[in-house]
Amino acid sequence: QKEVEQDPGPLSVPEGAIVSLNCTYSNSAFQYFMWYRQYSRKGPELLMYTYSSGNKEDGRFTAQVDKSSKYISLFIRDSQPSDSATYLCAMKTGANNLFFGTGTRLTVIP
Amino acid sequence: SQTIHQWPATLVQPVGSPLSLECTVEGTSNPNLYWYRQAAGRGLQLLFYSVGIGQISSEVPQNLSASRPQDRQFILSSKKLLLSDSGFYLCAYVRGKNTGELFFGEGSRLTVL
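If you're wondering where the values come from, they're calculated on a predicted model, not measured in any experiment.

Trainee: How should unusual backbone geometry be read in this particular structure?
Mentor: Negative phi values dominate among residues other than glycine, just as trans dominates among peptide bonds. Following Gly9(A), the chain continues into Pro10(A) via a peptide bond in cis, with omega recorded as 5 degrees. Considering the arrangement of structural elements, one finds Pro10(A) in the loop between strand 1 (4–6) and strand 2 (11–14). Residue Pro8(B) is reached from Trp7(B) by a cis peptide bond, and omega for that bond is -5 degrees. One non-glycine residue, Ser52(A), lies in the positive phi region at around 60 degrees. Position of Ser52(A) among the secondary structure elements: in the loop between strand 5 (45–51) and strand 6 (54–58). Look at Ser52(A) and you get partly exposed, because its relative accessible area is 25%. One non-glycine residue, Asp78(A), adopts positive backbone phi at about 45 degrees. Mapping Asp78(A) onto the fold places it in the loop between strand 8 (71–76) and strand 9 (85–92).

Here's what the structure looks like:
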């Protein structure tokens, strides 16, 4: 079983839709949870970061962590064509390196 | 401000040829540095990481090697490339020491023919 599982998609939504991206994980020791956005042929950039359980909101983006279910989500409200990218979840314990999901490719259709 | 540079951005190499990819970081000292490879549909694979000059940890056995000759320079090399070495190579450094947040370079796309 992989440490982090993420549906690769692809996911296509119309402009203005609410997007839900998800990851599951197996290591209950993970404490730090991140979402990266990667545009085509570019390096990933950090989008959201949360520590432990709970929600975090930043503009149109909301990150949720449910440690009891070992499940994290990223919600994008009022999606825009500029949100079209691959979204990678990542997580770690206090000591080790980041574990990444495989990424979900999102296309927002105008 | 902190920046990270990778080069070359793109290269096409024949099987059996050598490889050298370079990464430099500016605006920070003694960074933890990483090399990742991203192949289609396989996500980010950690290849090497370094906590200081001359200190290299390998995560995956392969025909690649890494070196850190200077504090802010990280080099990925191969003596003889394989077809399976094709991919998108990303250098990164740890921007948040406690969180492990990584800041990535723009990447080097390698095609081995």
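Trainee: How do you make sense of the interface of chain B and chain A when you look at a structure like this?
Mentor: Each side of the interface is counted separately: chain B has 21 residues, and chain A has 17 residues. In this assembly, chain B packs against chain A so that about 1,500 Å² is buried in total across both faces, 55% of it on carbon and sulfur atoms. Run the count over chain B and chain A and you get one salt bridge. The salt bridge partner of Glu106(B) is Lys42(A), with a shortest N-O separation of 3.3 Å. Linking chain B with chain A are four residue pairs in polar contact (both at pLDDT 80 or more). Put simply, the parts of the chain that give the side of chain B that touches chain A at least two residues each are strand 4 (33–39), strand 5 (43–52), strand 9 (87–94) and strand 10 (102–104) of chain B. With four residues, the single largest contributor to the side of chain B that touches chain A is strand 5 of chain B.

Trainee: It is not clear to me how the sheet that holds strand 3 (residues 19–25) of chain A should be interpreted in this structure. Could you clarify?
Mentor: What holds strands together in a sheet is hydrogen bonding between their backbones, with the strands either parallel or antiparallel. Residues and elements named next belong to chain A. Judged by pairing direction, the sheet is antiparallel, and its five strands sit side by side in the order 1-3-8-7-6 without closing on themselves. With one partner strand each, in any of the chains shown, strand 1 and strand 6 form the two edges of the open sheet. Strand-to-strand, the axes of this sheet are offset by a mean angle of 15 degrees, without reference to chain direction. As judged from the five bridges shared by strand 6 and strand 7 (residues 61–66), these two strands associate in the antiparallel manner. Of the residues in strand 7, the one forming a bridge with Glu 57 is Thr 62.

Trainee: Where do I start with the state of the cysteines in this structure?
Mentor: Here is the idea: a disulfide is a covalent bond, and it sits between the sulfur atoms of two cysteines. Summed over the entire model, instances satisfying the criterion amount to two disulfides over all chains. Here Cys23(A) engages in a disulfide with Cys89(A); their sulfurs sit 2.0 Å apart. Here Cys23(A) and Cys89(A) share a disulfide; its torsion about the S-S bond, -100 degrees, makes the bridge left-handed. Of the two residues, Cys23(A) is situated in strand 3 and Cys89(A) in strand 9; the sequence distance between them amounts to 66 residues. The exposure class of Cys23(A) is buried, given its relative accessible area of 1%. The exposure class of Cys89(A) is buried, given its relative accessible area of 0%. Between the sulfur atoms of Cys23(B) and its disulfide mate Cys91(B) the distance is 2.0 Å. With the S-S dihedral at roughly -70 degrees, the linkage between Cys23(B) and Cys91(B) falls on the left-handed side. Residue Cys23(B) is located in strand 3 (residues 19–26), and its partner Cys91(B) is located in strand 9; the two are separated by 68 residues in the primary sequence.

Trainee: Can you help me understand the environment of Gln45(B) in this one?
Mentor: Residues and elements named next belong to chain B. Within the secondary structure layout, Gln 45 lies in strand 5. On the basis of relative accessibility, which here comes to 22%, the residue Gln 45 falls in the partly exposed class. Taking C-alpha positions, Gln 45 is 16 Å from Leu 21, a pair spaced 24 residues apart along the chain. Contacts of Gln 45, omitting those with residues within four sequence positions, involve Trp 35, Tyr 36, Arg 37 and Val 60.

Here is what the cut-offs are and how they apply
- Residues numbered from 1 in each chain as written.
- Chains lettered and ligands numbered in written order.
- Predicted model: local features only at pLDDT ≥ 70, side-chain atom pairs only at ≥ 80, totals over all residues.
- Heavy atoms only, no water.
- Helix = DSSP H or I, 4+ residues; strand = E, 2+ residues; numbered from the N terminus.
- Buried < 20%, exposed > 50% of the residue type's maximum accessible area, 1.4 Å probe, protein only.
- Contact = heavy atoms within 4.5 Å.
- Buried area = accessible area lost by both parts, 1.4 Å probe.
- Salt bridge = Lys/Arg side-chain N within 4 Å of Asp/Glu carboxyl O.
- Polar contact = N/O pair within 3.5 Å; in protein donor to acceptor, adjacent residues only side chain to side chain.
- Pairing = 2+ DSSP bridges.
- Axes fitted to C-alpha atoms, helices over the stretch in contact; angles between N-to-C directions.
- Disulfide = S-S within 2.5 Å.

Honestly, it's all geometry; don't read function into it.
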